[in-house]
Amino acid sequence: MHLSVEGLGCIRGGRPVLENIGFQLQGGKALVVTGPNGIGKSSLLRTLAGLVRAQAGTMRLDGGDDDLTVGQQAHYFGHSDAVKPAFTCKENLDFWQAYYGNPTRSAFEALGEVDLEDLIDMPAAYLSAGQSRRLSVARLLVCHRPLWLLDEPTSALDIASERKLESLMAEHLSNGGLIVAATHAPLGLLDPDRLLLDRNRTDDLVDDFSDPADSPPSTLTLETDQ
Ligand SMILES: Nc1ncnc2c1ncn2[C@@H]1O[C@H](COP(=O)(O)OP(=O)(O)OP(=O)(O)O)[C@@H](O)[C@H]1O
């Protein structure tokens, strides 16, 4: 499987946020996306997920399902946990499994992986921030989707849960899956490709009060091991 992104651009709030972003990612590899606040890391992940419209460019998952978009073949793990508070942990995972299809682990098994099995019948509203994040991690495990789009996945996780996420990401990659992760923190991924989003320093041309986030990232550094 191979993810190919070329010339990708998106507009948010009427302003260009991403322009001409491109990268290639082989199955079994992770791409770590870094860059300063507001540069467009989350926007890139949301565009890949199909949650923000691509204004320009193409994205393709070769070796995937030609009838599905890239987003339909991806787990999107965003800043907010995709958790329904009135549902129990099991009901949340059962919902996603029924919605996504391609079941892999049961809710009980997935909760066991993130050490939440004792809370299987607890309404998600009563979970702590870290427990809710772990429930979101469990969502990745109940259905197979080859591409994981992870936005700051370790936020709110304790050290043990970070280590667990590391091993789950490694397992996904060793099964030929792909990961695109936006992060400010090390994720413990072995030998990932890297994409740095940055702007050219054209501050002389910009008045003192303009927000640097007003210009889209125009410097793109891509390091691959391919
Ligand atoms: N829903 C939205 N509507 C309009 N503009 C948005 C929206 N979400 C983000 N933006 C703008 O898009 C730009 C990129 O934001 P984005 O969240 O992608 O950055 P980021 O690199 O992920 O930042 P951070 O490191 O702070 O998470 C910012 O200028 C932001 O103001």
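Residues numbered from 1 in each chain as written. Predicted model: local features only at pLDDT ≥ 70, side-chain atom pairs only at ≥ 80, totals over all residues. Heavy atoms only, no water.

What follows is about the overall build of the protein. Each helix and strand in the protein was counted, giving five helices and nine strands. Start at the N end of the protein and walk to the C end: the helices and strands fall as β-β-β-α-β-β-α-α-α-β-α-β-β-β. Restricting the contact set of the protein to residue pairs at least 6 apart, pairs at least 24 apart contribute 71%. Carbon and sulfur atoms make up 50% of the accessible area of the protein, which amounts to about 11,200 Å² in all. (Helix = DSSP H or I, 4+ residues; strand = E, 2+ residues; numbered from the N terminus. Contact = heavy atoms within 4.5 Å. Areas by Shrake-Rupley, 256 points an atom, 1.4 Å probe, with all protein chains shown as cover.)

Here we take up empty space enclosed by the protein. Using the criterion set out here, one finds one cavity of 30 Å³ or more in the structure. The volume enclosed by the largest cavity comes to roughly 30 Å³. Within the residue set of the lining of the largest cavity, elements represented by two or more residues are α2 (89–100) and α4 (129–142). Looking at the lining of the largest cavity residue by residue, the class counts come to five nonpolar, two polar and one charged. (1 Å grid on protein atoms, 1.4 Å probe; cavity = no way out; pocket = protein on both sides within 12 Å on 5 of 7 lines; lining within 4 Å. Points joined across faces, edges and corners; volume = space filled by probe spheres on them. Nonpolar A, V, L, I, M, F, W, Y, C, P; charged D, E, K, R; others polar.)

Looking at the element boundaries, N92 is found in helix α2. When its relative accessible area of 3% is taken as the criterion, N92 is described as buried. In this structure the C-alpha to C-alpha distance between N92 and A82, which are ten residues apart in sequence, comes to 8.8 Å. Each residue touching N92, except ones within four places of it in the same chain, is listed here: A82, V83, K84, F87, A124 and L135. Of note is the side chain of N92, whose polar atom sits 2.7 Å from the backbone nitrogen of K84. (Buried < 20%, exposed > 50% of the residue type's maximum accessible area, 1.4 Å probe, protein only. Polar contact = N/O pair within 3.5 Å; in protein donor to acceptor, adjacent residues only side chain to side chain.)

Time to look at the site of the ligand. In the region of the ligand, 15 residues are neighbours, and G38, K41, S42, S43 and H184 sit closest. A distance of 2.9 Å separates an oxygen atom of the ligand from a polar atom in the backbone of G40. Between K41 and the ligand, the recorded distance is 2.6 Å, taken from a side-chain N or O atom to an oxygen atom. Taken by itself the ligand offers 640 Å² of open surface, and the protein chains cover 66% of this. For the shell around the ligand, the leading source of residues is helix α1 (residues 41–48), giving three residues. Across the shell around the ligand, the residue classes break down as four nonpolar, eight polar and three charged. (Near = heavy atom within 4 Å.)

All right, on to the sheet that holds strand β2 (residues 15–26) then. Within the open sheet, the three strands sit side by side as β2-β1-β4. Their pairing is antiparallel. Taken across any chain shown, the strands that pair with only one partner, and hence form the sheet edges, are β2 and β4 (56–62). This sheet shows a mean twist of 20° between the axes of neighbouring strands, independent of strand direction. When strand β1 (residues 2–12) meets β4, the two strands line up antiparallel, connected through six bridges. Residue pairing in the sheet places E6 in a bridge with T58 of β4. (Pairing = 2+ DSSP bridges. Axes fitted to C-alpha atoms, helices over the stretch in contact; angles between N-to-C directions.)

It is worth spelling out unusual backbone geometry at this point. Positive phi, normally seen in glycine, also occurs at A156, with a value near 75°. Notably, D191 is not glycine yet its phi reads approximately 55°, a positive angle. Inspection of the secondary structure puts D191 in the loop between β7 (178–182) and β8 (193–198).

As a further point, take the nonpolar core. Judged by nonpolar contacts, the single largest core of 34 residues is most densely connected at L93, L111, L135, L150, M169, I179 and L189. Those elements giving two or more residues to this core turn out to be β3 (30–34), α2, α3 (107–113), α4, β6 (147–151), α5 (159–174) and β7. Counting residues in hydrophobic clusters, the runner-up holds 28 residues, among them L18, V70, L178 and L197. (Core = buried A, V, L, I, M, F, W, Y, C linked by side-chain atoms within 4.5 Å.)

Counted by the stated rule, this structure contains five aromatic pairs. The interplanar angle of 80° and the centroid separation of 5.9 Å between the aromatic rings of W96 and Y99 together place this pair among those described as edge-to-face. Of this pair, W96 and Y99 are both found in helix α2, three residues apart, which corresponds to roughly one turn of the helix. With 5.7 Å between their ring centres and 45° between their planes, Y99 and Y100 make a pair best called tilted. With relative accessibility at 57%, the residue Y99 sits in the exposed group. (Phe/Tyr/Trp six-rings, centres within 6.5 Å; stacked < 30°, edge-to-face > 60°.)

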